[in-house]
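# Fold and geometry: a report
Here is how the chains run, residue by residue.
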Amino acid sequence: MGNTGDSSGPCEATHARRIVVCRLHVNGEPVAVAVPAHWTLLEMLRYQLGLVGSKQGCDKGDCGACTVRVAGDPVLACITLAVACDGHYVETVEGLGVGGEPHPLQRAFAERGAAQCGFCTPGMLMSAAHYLDALAVADAPIVSTDAIARALGGNLCRCTGYTKIFEAVAEAAHEVVDRSALLAGGDL
Amino acid sequence: MPKHSPISLPQRSTQPYSARQELPKLPHVGRSPDRVDGVDKVTGQTQYTDDLPFAGWYGATVRTPAARGTVTAVRFLEGPNWSEFAIVTAKDVPIHAQSVHAPDTSHGPSEGGHDTAVDLNIVQLIARDQPYLVRDAFRHKHEPVVLLAHPDRDIVAWAATKVLVLCDELPVILDHRVDPRPDQVQHGADNVLKAIGLRKGAGEDDAQLDAVFAAAPVVVHGEYDTGAQEQAYIEPQGMIAQVWLSAHDQHRPGWPSHPFRVRVQGSLQCPYYVHTAIKHLCNLPDELVEIAQVATGGGFGGKEDFPSIIAGHAVLLAMKARQPVKIIYDRVEDMLATTKRHPCTTYLRTAMDNTGKLLALDARVRMDGGAYVTLSPVVLSRGTIHAAGPYEIPHVRIDAKAMLTNTPPNGAFRGFGAPQTIFAMERHLDVCADRLGLDPAEVRRRNLVQVGGTLATGQVILEPVQLRAWLDRGLAAIDWVDKRSHYKVFNDLQVADGLPLRKGVGLATFMHGCGFTGSGEVNLASKCKVRAAKDGVIEICTANTEIGQGAQTVFAQVAADALGLELQDIRVIQPDTAQVPNSGPTVASRTAMVVGHLVARACDDLVRRMEDGGALAQARPKAMDYARPSKQSDGRGGSWQADDLRQAVAQVAGHPVMGEGWSEYEPPPGVIWDDVAYKGVAYGTYGWAVYLADVQVDTTTMEVKVLDFVALQEVGRVLHPTLAIGQIAGGVVQGLGWALLEEVTLDAQGAMKNANLTSYVLPTMADVPTIRVLFEEQPYAYGPFGAKGIGELPMDGPGPAVANAVAMALGCHVPAIPATPEKLLRWSTLSA
Ligand code: FES
Ligand code: FES
């Protein structure tokens, strides 16, 4: 906010808003939300649905704190229009656990101290979850340093130096690979 | 090319941490239990300021359009329905006949003098020169002029662009290295915000010092520059204020005529700093102002002083709007308007004998303070004291100045002046080593201070430092000797074959003073309270904030081991000045060490009171010694049974005497500091460190890749290895960012040109290696169970270690950071 030189900021039409209705699935639940047409997915999640787990770190697509999954893909909710998600499945950190159980990534993050201030954590988790899912369906899943760095390279963290985050993701990824190996009947 | 390397993970540290020097095992301290705030953070349940349920108005700030001048008019343009807004300017804030407060002295004596008529519009800090809102004269671009509040978040942001601030401009000064022309002077006679002189040996006398230099076989000069740096906490600044006016004032416009109550919640490091600021702004007694910290998404110093200003703005708007008001900065505003690390230029002249032994150091330090005094005097102080490094130098003269420039004030940032001067000294020692044909590690080994040696302030080192042994361990960890010789060959071959890669290793040895400088801790007189709660849990009440470093977890560990209880028996209270005593700010690597020690002592006091009052059987053998756990205090506290203690706690909850335990800071013996002569014991203890970097530079693009990084430090007992490793790795990567990527560029009006995270580049996971963190543990007698501070130390070393490695790789001088590709290209071309 403020007149800090970004004249493209709040639009002139702000006071004459067009409201649109979006129908989508959020964390498995079908919802219909009426939002101003210019709102982003992040605004809809935070202000309309009360899902404040997804964070706003920059509002410009630079930090990754707002990362959620739309149709399975990691998406920067701060630069995605809410209307663009009409008809899609959206998943946020609030929906990450399965059946009341924490997601393996959440467990690994908690145990390895990968969440320090925690502000980047929801976005990190969503990017990492996408990476794990991709790994689970890969033909020959291998956990690699570069692949993890690529998967999380768009998520900034100022606290951890990434060391503990990397460890946590690698640990959860190894679990996925082990499980795939089991399912495939291969040797561990 | 992606490598498909199988990854071997370090073991999770659930086992006691084994340092090289084994310390007695404790049930909690020294182990790595899960963070107390961990589950909420990984499930998205933690609520930060903008996540809290909120029914109220939203605030926005209109700022100055130029660097210096006088506001001549404010125009409200067509568009917004201005009658819907709460609008605040400096005219709304009175100059009061009488303050109810004495000036704040927690930063040392106030420099503004104390007169009774006070302008409430002035931020209460070391000097009283910075307004909350510009009255007419202003000193930097993006200084706040008008505040707006409106029920709609979008509309207020849009309306802020519809306010035009007109001004007459005045000459500006943007370069801290040059003395001002008369028409650029805005502070005192010369724009010097603070000057400090430090002298040792012949440094006391200019002629004598000249004689030492004249007689010295090797004299090396150098000038070193470090740039500004944005704290870049991922959660931007934000505050919520609520005001309850008295019945008299409720329907009366204008400044309240009767006392009123204020509550502020927000993202902040230091609740009592904000408390001091707001009670002065509102001219209210202590008890009518409440400041509460909300879960905070990183601080790094950026939420030390600046939150007072946002809190003040939110309070002023809430008074006007008669509504709770929330101000959340967006990233651009946060980067444009809030503080940065002080840019610094250090000129060094050293005298050495032919073996590389330092004979004398002559230093001139100039920091860029920005437009107001804010915290520059204390930043300069830490920078000055750390300028001579952990070296025994017989003769020292350091002259340091913080200069006014017309940029937003520079403020607190992890390291607080020390990383700047340490960069200069550590880079300079490599230049000296080059001159002498010595290994840089060897030059340091010959000069590192030993037990009984003296630092530049005359402080005699009494703790059992073994810097040479620690240096050796660091060198071995990175394979220093082999790498240096292999890389020389590798580089020669690359050159011979016309190939672009160059490699190098570099190191830095340094120290960081723990806690406030000099008499700072005595002036703070921090207090801590623990209290018994009805559910049998003991609540820790301090003003020290969890900002990611794990403060809540280590306080719980310390209390549990001080009492012989489990972590579930301890609850750490979220800081709120209505609930917790003033245990000082969460800064200066002091929380775990100074306040952790207070927590342990307050626990002891609680038990003593329960014993004295008869609630707990009097069976304790003797007072506990937290620093050196012995049989009497083996972490199982005294000789009571944990269950007896739990029962007693539930019983005494709410009891006026037995229900609370208290402690107050007591300086360790011998900590005596002369703030005028700059002599004595500057810090009760230091963290000591050896950092080493291994880099590769691609000379085609001048991109620097850090291949390996070793951070070895002695920080007393490590309370929680996992957290400590995480905090240090975070500091190292922040330091690598400062060294290589993070460049603040200013426009002609002193405003940040690249105020966004696209063009101000932070390190990502793809940019950094896994940081290897190693510890030495020598328990410190006045920290909890022997702990020292670790927060800032890791910011000091990466800059010089990486710059030294790059200098070796490219065979050129690296006199400044950030060492961006453009600069590296220039320097390497110059030297070729
Ligand atoms: S808030 Fe969306 S990328 Fe930063
Ligand atoms: S944990 Fe604080 S930004 Fe990542």
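This report concerns the structure included in the present document.

Right, let's talk about the overall build of chain B for a bit. Regarding its fold elements, chain B presents 19 helices and 28 strands. Over its C-alpha trace chain B gives a radius of gyration of 27 Å, about what one expects of a compact globule, namely 28 Å for 832 residues. With respect to the principal axes defined by its C-alpha atoms, chain B has extents near 80 × 75 × 60 Å. In the structure as shown, chain B presents an accessible area of about 28,100 Å², 53% of it carried by carbon and sulfur atoms. For chain B, the distance from the average site of its 76 positive side-chain charges to the average site of its 92 negative ones is 1 Å.

This part covers empty space enclosed by the protein. Residues and elements named next belong to chain B. All chains considered together, the criterion is met by 7 cavities of 30 Å³ or more. What the largest cavity holds in volume is close to 140 Å³. Lining of the largest cavity is provided by 18 residues; of these, Gln130, Phe306, Ile309, Ala337 and Pro409 occupy positions nearest its centre. Here the lining of the largest cavity is composed, by residue class, of 9 nonpolar, 6 polar and 3 charged.

Throughout the structure, instances matching the rule amount to 12 aromatic pairs over all chains. Aromatic side chains A:Trp39 and A:Tyr47 sit 5.6 Å apart centroid to centroid with 75 degrees between the ring planes, which places their arrangement in the edge-to-face category. In this structure A:Tyr47 comes out as partly exposed when scored by relative accessible area, which is 28%. B:Arg261 extends its terminal NZ or CZ atom over the ring of B:Trp244, reaching a point 4.2 Å from the ring centre. The cationic tip of B:Lys503 hangs over the ring face of B:Phe490; the distance from NZ or CZ to the ring centre is 4.9 Å.

Interfaces are frequently sized by the accessible area removed from exposure as the parts join. The partner chain B presents 81 residues to the 65 residues of chain A that form the contact. For the chain A and chain B pair, buried surface summed over both sides reaches about 6,100 Å², with 59% attributable to carbon and sulfur atoms. The interface formed by chain A and chain B contains 4 salt bridges. Across the pair B:Asp51 and A:Arg46 runs a salt bridge whose closest N-O atoms are separated by 2.6 Å.

This brings us to the side chain of B:Thr517. Residues and elements named next belong to chain B. Within the secondary structure, Thr517 is located in the loop between β18 (501–513) and α12 (520–524). Among the polar contacts made by the side chain of Thr517, one reaches the side chain of Tyr683 at a distance of 2.7 Å. Excluding its chain neighbours within four sequence positions, the residues that come into contact with Thr517 are Ser381, Arg382, Ile385, Ala682 and Tyr683.

This part is about the packing of helix α7 (residues 376–386) of chain B against helix α8 (residues 418–436) of chain B. All names here are of chain B. Running from amino to carboxyl end, α7 crosses α8 at an angle of 25 degrees, the nearest separation of the two axes being 7 Å. Of the possible angle classes, the one that applies to α7 and α8 is roughly parallel. Regarding α7 and α8, the two cross each other, and that crossing is right-handed. On α8, the residues that touch Arg382, Gly383 and His386 of α7 are Ala418, Thr421 and Ile422. Of the residues belonging to the contact of α7 with α8, the class tally is 2 nonpolar, 3 polar and 1 charged.

Now for helix α9 (residues 440–447) of chain B. When α9(B) is considered as a whole, its buried residues turn out to be B:Pro440, B:Ala441, B:Val443, B:Arg444 and B:Asn447. All buried residues of α9(B) lie within an arc of 160 degrees about the axis, which places them on one face of the element.

Time to look at the sheet that holds strand β19 (residues 527–532) of chain B. Residues and elements named next belong to chain B. Taking strand neighbours across the sheet as the criterion, the 4 strands line up as β21-β20-β19-β22 in an open arrangement whose pairing is mixed. Both outer strands of the open sheet, β21 (570–572) and β22 (660–664), are each paired with one neighbouring strand and no more. With direction set aside, neighbouring strand axes in the sheet form an average angle of 20 degrees. With 3 bridges joining them, strand β20 (residues 538–541) and β21 adopt parallel strand pairing. The residue bridging Ile538 from the neighbouring strand is Ile570, located in β21.

Here we take up unusual backbone geometry. The peptide bond linking B:Ile817 to B:Pro818 adopts the cis configuration, its omega dihedral lying at 0 degrees. Within the secondary structure, B:Pro818 sits in the loop between β28 (816–817) and α19 (821–831). Although it is not a glycine, A:Tyr162 sits at a positive phi angle of roughly 70 degrees. The class for A:Tyr162 is buried, based on a relative accessible area of 2%. A positive phi is found at B:His142, a non-glycine position, where the angle reads about 70 degrees. Look at B:His142 and you get buried, because its relative accessible area is 7%.

Quick look at the sheet that holds strand β2 (residues 69–76) of chain B now. Within a sheet, neighbouring strands are paired by backbone hydrogen bonds and run either parallel or antiparallel to one another. Residue and element names in this part refer to chain B. Spatial ordering of the open sheet is given by β6-β2-β8, a layout of 3 strands whose pairing is antiparallel. The open sheet has two edge strands with one neighbour each: β6 (137–138) and β8 (163–169). Where β2 meets β6, 2 bridges bridge the pair, whose relative direction is antiparallel. Residue pairing for β6: Thr70 is matched across the bridge by Ala137.

So, on to the nonpolar core. Membership of the largest hydrophobic core comes to 176 residues, with the highest contact counts inside it found for A:Phe109, A:Ile165, B:Phe709 and B:Val802. In terms of residues, this core owes the most to one element, helix α16 (residues 721–740) of chain B, which gives 10 residues. Every residue in contact with B:Phe709, bar those within four places of it in the chain, is listed here: B:Tyr691, B:Leu692, B:Ala693, B:Val732, B:Leu736, B:Pro769, B:Thr770, B:Ile771, B:Arg772, B:Pro798, B:Ala801 and B:Val802. Membership of the second largest hydrophobic core comes to 43 residues, among which are B:Val118, B:Ala277, B:Ile310 and B:Ala311.

What the rule picks out here adds up to 59 salt bridges over all chains. For B:Asp535, the salt bridge is made with B:Arg571, and the minimal N-O distance between the two is 2.9 Å. Within this pair, whereas B:Asp535 is found in the loop between β19 and β20, its partner B:Arg571 is found in strand β21, the two being separated by 36 residues in sequence. A salt bridge links B:Glu714 to B:Lys788; its shortest N-O distance comes to 2.5 Å. With B:Glu714 in strand β26 (residues 703–714) and B:Lys788 in the loop between β27 (771–776) and α17 (793–796), this pair connects stretches of sequence that are 74 residues apart. Each member of the pair B:Glu714 and B:Lys788 is classed as buried. Through salt bridges with shared partners, a single ionic network connects A:Arg46, A:Lys55, B:Asp50, B:Asp51, B:Arg153 and B:Lys326.

Along the polypeptide, B:Ala476 turns up in helix α10 (residues 467–478). Placed 304 residues apart in sequence, B:Ala476 and B:Val172 show a C-alpha to C-alpha distance of 51 Å.

Right, let's talk about helix α4 (residues 271–282) of chain B for a bit. An α-helical turn contains 3.6 residues, so a residue and the one three or four places further along point in the same direction. Residue and element names in this part refer to chain B. Helix length check: α4, at 12 residues, gives a terminal C-alpha distance of 16 Å against a target of 16 Å (1.5 Å per residue), a fit within 8%. Within α4, 12 of the 12 residues are buried, which leaves it mostly tucked inside the rest of the structure. Residues of α4 that are buried: Pro271, Tyr272, Tyr273, Val274, His275, Thr276, Ala277, Ile278, Lys279, His280, Leu281 and Cys282. Looking at the buried side of α4, the elements it contacts are β12 (261–266), β13 (289–293) and α5 (307–321).

So, on to the packing of helix α3 (residues 121–136) of chain A against helix α4 (residues 145–152) of chain A. Residue and element names in this part refer to chain A. Where α3 meets α4, the closest approach of the two axes is 9 Å, and the angle between their N-to-C directions is 135 degrees. Of the possible angle classes, the one that applies to α3 and α4 is oblique. Between α3 and α4 lies a crossing whose hand is right-handed. Contacts between α3 and α4 involve Met124, Ser127, Ala128 and Tyr131 from the first element and Ala147, Ile148, Ala151 and Leu152 from the second. When grouped by side-chain class, the residues that make up the contact of α3 with α4 number 7 nonpolar, 1 polar and no charged.

Conventions used here
- Residues numbered from 1 in each chain as written.
- Chains lettered and ligands numbered in written order.
- Predicted model: local features only at pLDDT ≥ 70, side-chain atom pairs only at ≥ 80, totals over all residues.
- Heavy atoms only, no water.
- Helix = DSSP H or I, 4+ residues; strand = E, 2+ residues; numbered from the N terminus.
- Rg over C-alpha atoms; globule rule 2.2 N^0.38 Å.
- Areas by Shrake-Rupley, 256 points an atom, 1.4 Å probe, with all protein chains shown as cover.
- Lys, Arg positive; Asp, Glu negative; His and termini not counted.
- Charge placed at Lys NZ, Arg CZ, Asp CG, Glu CD.
- 1 Å grid on protein atoms, 1.4 Å probe; cavity = no way out; pocket = protein on both sides within 12 Å on 5 of 7 lines; lining within 4 Å.
- Points joined across faces, edges and corners; volume = space filled by probe spheres on them.
- Nonpolar A, V, L, I, M, F, W, Y, C, P; charged D, E, K, R; others polar.
- Phe/Tyr/Trp six-rings, centres within 6.5 Å; stacked < 30°, edge-to-face > 60°.
- Buried < 20%, exposed > 50% of the residue type's maximum accessible area, 1.4 Å probe, protein only.
- Lys NZ or Arg CZ within 6 Å of the ring centre and 35° of its normal.
- Contact = heavy atoms within 4.5 Å.
- Buried area = accessible area lost by both parts, 1.4 Å probe.
- Salt bridge = Lys/Arg side-chain N within 4 Å of Asp/Glu carboxyl O.
- Polar contact = N/O pair within 3.5 Å; in protein donor to acceptor, adjacent residues only side chain to side chain.
- Axes fitted to C-alpha atoms, helices over the stretch in contact; angles between N-to-C directions.
- Parallel < 35°, antiparallel > 145°, perpendicular 65-115°, else oblique.
- Left-handed = near helix turned anticlockwise from the far one by under 90°.
- Arc of directions from axis to C-beta.
- Pairing = 2+ DSSP bridges.
- Core = buried A, V, L, I, M, F, W, Y, C linked by side-chain atoms within 4.5 Å.
- Expected span 1.5 Å × (residues − 1).

Purely geometric numbers; function is a separate question.
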